[in-house]
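# Observations on the model geometry
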Amino acid sequence: MELRYLTPLTASEQISQGLDQAKPMALADRVRFSELDILRHVNNKAYLGWFETARVSYFDRLCAKHFNGLPAPRSVLRNANVHYRREMVLDEPYITTARVIAFRNTSYVMEQQIWSGGLRATLEAVMVLRSPDGSAGYPLPETLKQQFIDIDGARPDQD
């Protein structure tokens, strides 16, 4: 199957490429020369960029609509934990995924993965919504919380 690059993949496309399960957001791309380090494998910084691209696409395509008619929140990466599992090399195709696994009133935890012939890297990120001027937390709309449950299989996190 030919991968469609930088376009959200369907559930069947994800499964056909070896992912363990379909995720709400999955984007395919290929390793570029500029992403290599001196040892000719992907630099750790490149993985962070790939994760960010999928995370922003997730928010733009799946979350932003829940703020229609409201001031747009700031979406802030509070912290992230990356686990590099296996190196990647030039021209290797890969799929980066994103889904929410937990949420609170103004934040959510996102699980991300990079797949290429198996799982290559994972990231768990805490995302915090802030008011447009950044001065306060911005509550998640109830419709978004329900979407996290229904589509991502997320769970409310207790304080």
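Conventions we followed
- Residues numbered from 1 in each chain as written.
- Predicted model: local features only at pLDDT ≥ 70, side-chain atom pairs only at ≥ 80, totals over all residues.
- Heavy atoms only, no water.
- Helix = DSSP H or I, 4+ residues; strand = E, 2+ residues; numbered from the N terminus.
- Buried < 20%, exposed > 50% of the residue type's maximum accessible area, 1.4 Å probe, protein only.
- Axes fitted to C-alpha atoms, helices over the stretch in contact; angles between N-to-C directions.
- Parallel < 35°, antiparallel > 145°, perpendicular 65-115°, else oblique.
- Left-handed = near helix turned anticlockwise from the far one by under 90°.
- Contact = heavy atoms within 4.5 Å.
- Nonpolar A, V, L, I, M, F, W, Y, C, P; charged D, E, K, R; others polar.
- Polar contact = N/O pair within 3.5 Å; in protein donor to acceptor, adjacent residues only side chain to side chain.
- Core = buried A, V, L, I, M, F, W, Y, C linked by side-chain atoms within 4.5 Å.

### Digging into unusual backbone geometry
- Positive phi outside glycine occurs at Leu6, with the angle close to 55°.
- Among the secondary structure elements, Leu6 is positioned in the segment before α1 (11–16).
- According to the relative accessible area criterion, Leu6 is partly exposed, its value standing at 49%.
- A positive phi angle, close to 70°, is found at Asp91, a residue other than glycine.
- Summarising the element assignment, Asp91 is placed in the loop between β2 (74–84) and β3 (93–103).

### Observations regarding the packing of helix α2 (residues 44–63) against helix α3 (residues 142–152)
- The N-to-C vectors of α2 and α3 enclose an angle of 110°; their axes lie 12 Å apart at closest approach. Considering the angle they form, α2 stands roughly perpendicular to α3. Like other packed secondary-structure pairs, α2 and α3 cross with a definite hand, here right-handed. On α3, the residues touching Tyr58, Leu62 and Cys63 of α2 are Leu144, Gln147, Phe148 and Asp152.
- Looking at the contact of α2 with α3 residue by residue, the classes come out as five nonpolar, one polar and one charged.

### Digging into the environment of Lys145
- You can see Lys145 is positioned in helix α3.
- Separated by 79 residues in sequence, Lys145 and His66 place their C-alpha atoms 9.7 Å apart.
- Dropping the residues within four chain positions of it, Lys145 is found in contact with Phe103, Arg104, Asn105 and Leu140.
- At 3.3 Å, the side chain of Lys145 and the side chain of Glu142 are in polar contact.

### Focus on the nonpolar core
- One finds Trp50, Tyr58, Tyr108 and Phe148 to be the most contacted residues of the largest nonpolar core, which totals 33 residues.
- Breaking this core down by element, the ones donating at least two residues are β1 (25–30), α2, β3, β4 (107–115), β5 (119–130) and α3.
- With nine residues, the single largest contributor to this core is α2.
- Once you skip the residues sitting within four places of it in the chain, Tyr58 turns out to touch Pro24, Met25, Cys63, Ala98, Arg99, Val100, Met110, Phe148 and Asp152.

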